[in-house]
Amino acid sequence: MVFITDNDSKETSEKVKISLKNVFKVFGDRPERALKELKSGKSKTDIHRETGCTIGVDDAGFEIMEGEIFVIMGLSGSGKSTLLRLLNRLIEPTSGVIEVDGRDITKMSKPELIDLRRRDMSMVFQSFALLPNRTVLNNASFGLEIAGVGEAERHEKAMKTLAAVGLEAYAQSKPDELSGGMKQRVGLARALASEPTILLMDEAFSALDPLIRTEMQDELIRLQAENSRTIIFVSHDLDEAMRIGDRICIMQHGKVVQVGTPDEIVSQPANDYVRSFFRNVDVSQVFKAGDIARSTQLTIIERHGVSAAAALKQMESAGREVAIIVGRDRGYHGMISKDALIDRLKSKVEQPYREAFIPDLEPIQAEESLSDVLGRVAESRWPVPVVDENNRYVGAISKTALLETLDRAS
């Protein structure tokens, strides 16, 4: 029996970690009046003139998934840092709902909020904020000390996080003995020592030199791979956002104007403001092979006793010159051509599928950047198969799909 599939399906187990609904922040003495006028349609300029209030965040609403790196970016004054601080109520929202694991933190009492911050949330700021008279170890364990954790336990946890960021050997050093990048690693270790499920990072790497900044981005990605947590990262730097973000939130004048993956925002910008951010982005560095792979090729599941002649009949009925052969688990076996399969059936070989595989057609890994596969797709006579890290078939990239992607994003 031969099974034909035209579409791939993905099962997702994503869980919402943080949810924002109709969140507003008004700065000033008459926030209720300002909010009422904003909702009635008055401009922010008129509201400021009449009430003296400034709209910091304007009706923000989105979800952040558990385990993702969610980057908030925008120009200076866009509201990105204000929005970040609303997530742990360092700044109190004027109205709206902010849920963490399904609990509305805007309704929490002060003790409940303190417990949430100690148990689930840590924050890393742009400034290193290290205590100069304390050792690296005592700086890394400072948050645990404030939380009342005993010395032995807090030092043990701090040493683990210092080891994770490569600073175990500097535990007894003082901050003035460290480079800028090392100081920021201490700040990161301090935030991780409480084993938070949520890490808030406000322009955490922006004060670093470019080379050190890249190293810290790599470090963050490495730490995330080792121990996944939900990271909300504020940045004004496009390259940084594209490099580390699973999804990006673009803000303008306090409003969230678009949320999406880097390739979604590059290819489908919501407005001219978003488009201006990404105008000079090299899309071949943004898209991965899996992003543009299409599941339009004929797919045949190879099983014991399956007739190659039946597969050929399906290819002829579908008008296809090639087909993808996969296992029951969608593991990629190879690509066959109709002409080769006809020839092998006439020759009555024992394994007509295997003998009919198109030679030298190695699949592309889904995580490979588009820039790395342009040449292979351009030179191939056939669509090039794409597989995931477990060798499961994802789709194929044809010259047409490649050109359409580059054209759509230009």
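Residues numbered from 1 in each chain as written. Predicted model: local features only at pLDDT ≥ 70, side-chain atom pairs only at ≥ 80, totals over all residues. Heavy atoms only, no water.

For the protein chain, an unreviewed UniProt entry supplies the name Quaternary amine transport ATP-binding protein and the organism Paenochrobactrum glaciei. The record held by UniProt for the protein chain lists under Subcellular location (unreviewed entry) the comment "Cell inner membrane". The UniProt entry for the protein chain carries this comment under Sequence similarities (unreviewed entry): "Belongs to the ABC transporter superfamily." (UniProt positions renumbered as here; feature names shortened; annotations may be inferred.)

Participant: Looking at this model, I keep getting lost on the overall build of the protein chain. Mind explaining?
Facilitator: When helices and strands are tallied, the protein chain shows 19 helices and 17 strands. Along the first, second and third principal axes, the C-alpha set of the protein chain runs to 85 × 60 × 35 Å. When burial is assessed residue by residue, the protein chain has 49% of its 410 residues classed as buried. If you take every contact in the protein chain between residues at least 6 apart in sequence, the share linking residues at least 24 apart comes to 65%. Summed over its atoms, the accessible surface of the protein chain is roughly 20400 Å², and 46% of this surface lies on carbon and sulfur atoms. Across the protein chain, the centroid of the 54 positively charged side chains sits 4 Å from that of the 63 negatively charged ones. (Helix = DSSP H or I, 4+ residues; strand = E, 2+ residues; numbered from the N terminus. Buried < 20%, exposed > 50% of the residue type's maximum accessible area, 1.4 Å probe, protein only. Contact = heavy atoms within 4.5 Å. Areas by Shrake-Rupley, 256 points an atom, 1.4 Å probe, with all protein chains shown as cover. Lys, Arg positive; Asp, Glu negative; His and termini not counted. Charge placed at Lys NZ, Arg CZ, Asp CG, Glu CD.)

Participant: So what exactly am I meant to see when it comes to the sheet that holds strand β10 (residues 247–252) here?
Facilitator: The strand order across the open sheet built from 6 strands is β7-β8-β9-β4-β10-β11, with neighbouring strands paired in mixed fashion. In this open sheet, the two strands that pair with only one neighbour each are β7 (121–124) and β11 (255–260). Geometrically, the sheet is characterised by an average inter-axis angle of 15° between neighbouring strands, direction not taken into account. Pairing between β7 and strand β8 (residues 198–202): 4 bridges, direction parallel. Bridging across to β8, Met 121 finds its partner in Ile 198. (Pairing = 2+ DSSP bridges. Axes fitted to C-alpha atoms, helices over the stretch in contact; angles between N-to-C directions.)

Participant: Please clarify how the pattern of salt bridges should be interpreted in this entry.
Facilitator: Side chains that differ in charge, positive against negative, can pair when their charged atoms come close. Using the criterion set out here, one finds 22 salt bridges in the structure. Here Arg 185 makes a salt bridge to Glu 219, at a shortest N to O gap of 3.4 Å. With Arg 185 in helix α8 (residues 180–193) and Glu 219 in helix α9 (residues 210–226), the pair connects residues that are 34 residues apart, well separated along the chain. For the residue pair Arg 185 and Glu 219, the accessibility class agrees, reading buried in each case. If you follow the salt bridges from partner to partner, you end up with Arg 185, Glu 219, Arg 222 and Glu 226 in one network. (Salt bridge = Lys/Arg side-chain N within 4 Å of Asp/Glu carboxyl O.)

Participant: Would you explain the pairing of β11 in this entry?
Facilitator: By the bridge criterion, 5 bridges tie β10 to β11 in an arrangement that is antiparallel. Across the sheet, the residue bridging to Ile 250 is Gln 258, located in β11.

Participant: Looking at this structure, I do not really get the sheet that holds strand β15 (residues 364–365). What am I missing?
Facilitator: Hydrogen bonds between backbone atoms are what pair the strands of a sheet, whose relative direction is either parallel or antiparallel. The strand order β15-β16-β17 describes an open sheet built from 3 strands, whose pairing is mixed. Looking along the sheet, the strands with just one partner apiece sit at the ends: β15 and β17 (393–397). Alignment of β15 against strand β16 (residues 384–387), held across 2 bridges, turns out to be parallel. Bridge pairing in β16 places Gln 365 opposite Val 387.

Participant: Before we go on, may I ask you to explain helix α7 (residues 151–164) in this structure?
Facilitator: Each α-helix winds once per 3.6 residues, and so residues spaced three or four apart point in a common direction. End to end, α7 covers 20 Å across 14 residues, agreeing with the expected 20 Å (1.5 Å per residue, within 8%). All of the buried residues along α7 are Arg 154, His 155, Ala 158, Thr 161 and Leu 162. Considered in projection along α7, the buried side chains sweep an arc of 130° and stay on one side of the axis. Across α7 from its buried face, at more than 90 degrees, point the exposed residues Ala 152 and Lys 160. Of the surrounding elements, those touching the buried residues of α7 are α5 (136–140), α6 (142–146) and α8. The first or second residue beyond α7 is Gly 166, which carries a positive phi of 80°. (Expected span 1.5 Å × (residues − 1). Arc of directions from axis to C-beta.)

Participant: Could you clarify how one ought to interpret the UniProt feature "domain: ABC transporter" (unreviewed entry) in the protein chain in this entry?
Facilitator: Per the UniProt entry, the sites bearing "domain: ABC transporter" (unreviewed entry) are residues 18–278 in this numbering. Taken as a whole, residues 18–278 contains 42% helix and 24% strand, while its terminal C-alpha atoms sit 27 Å from one another.

Participant: Where do I start with the layout of surface pockets in this structure?
Facilitator: The rolling of a water-molecule-sized probe over the atoms marks out the regions of remaining empty space. Each pocket or cavity is described by its volume, and for the second largest pocket that value is around 770 Å³. In terms of lining, the second largest pocket is formed by 23 residues, of which the most central are Arg 117, Met 121, Ser 122, Met 123 and Gly 143. A class-by-class count of the residues in the lining of the second largest pocket yields 13 nonpolar, 5 polar and 5 charged. (1 Å grid on protein atoms, 1.4 Å probe; cavity = no way out; pocket = protein on both sides within 12 Å on 5 of 7 lines; lining within 4 Å. Points joined across faces, edges and corners; volume = space filled by probe spheres on them. Nonpolar A, V, L, I, M, F, W, Y, C, P; charged D, E, K, R; others polar.)

Participant: Would you take a moment to explain the environment of Leu 83 for this structure?
Facilitator: Its place among the elements puts Leu 83 in helix α3 (residues 80–86). On the basis of relative accessibility, which here comes to 0%, the residue Leu 83 falls in the buried class. Leu 83 sits 319 residues away from Leu 402 along the chain, and the two C-alpha atoms are 37 Å apart. Leaving out residues up to four positions away in the same chain, Leu 83 has contacts with Leu 20, Val 57, Ala 60, Phe 62, Ile 72 and Met 251.

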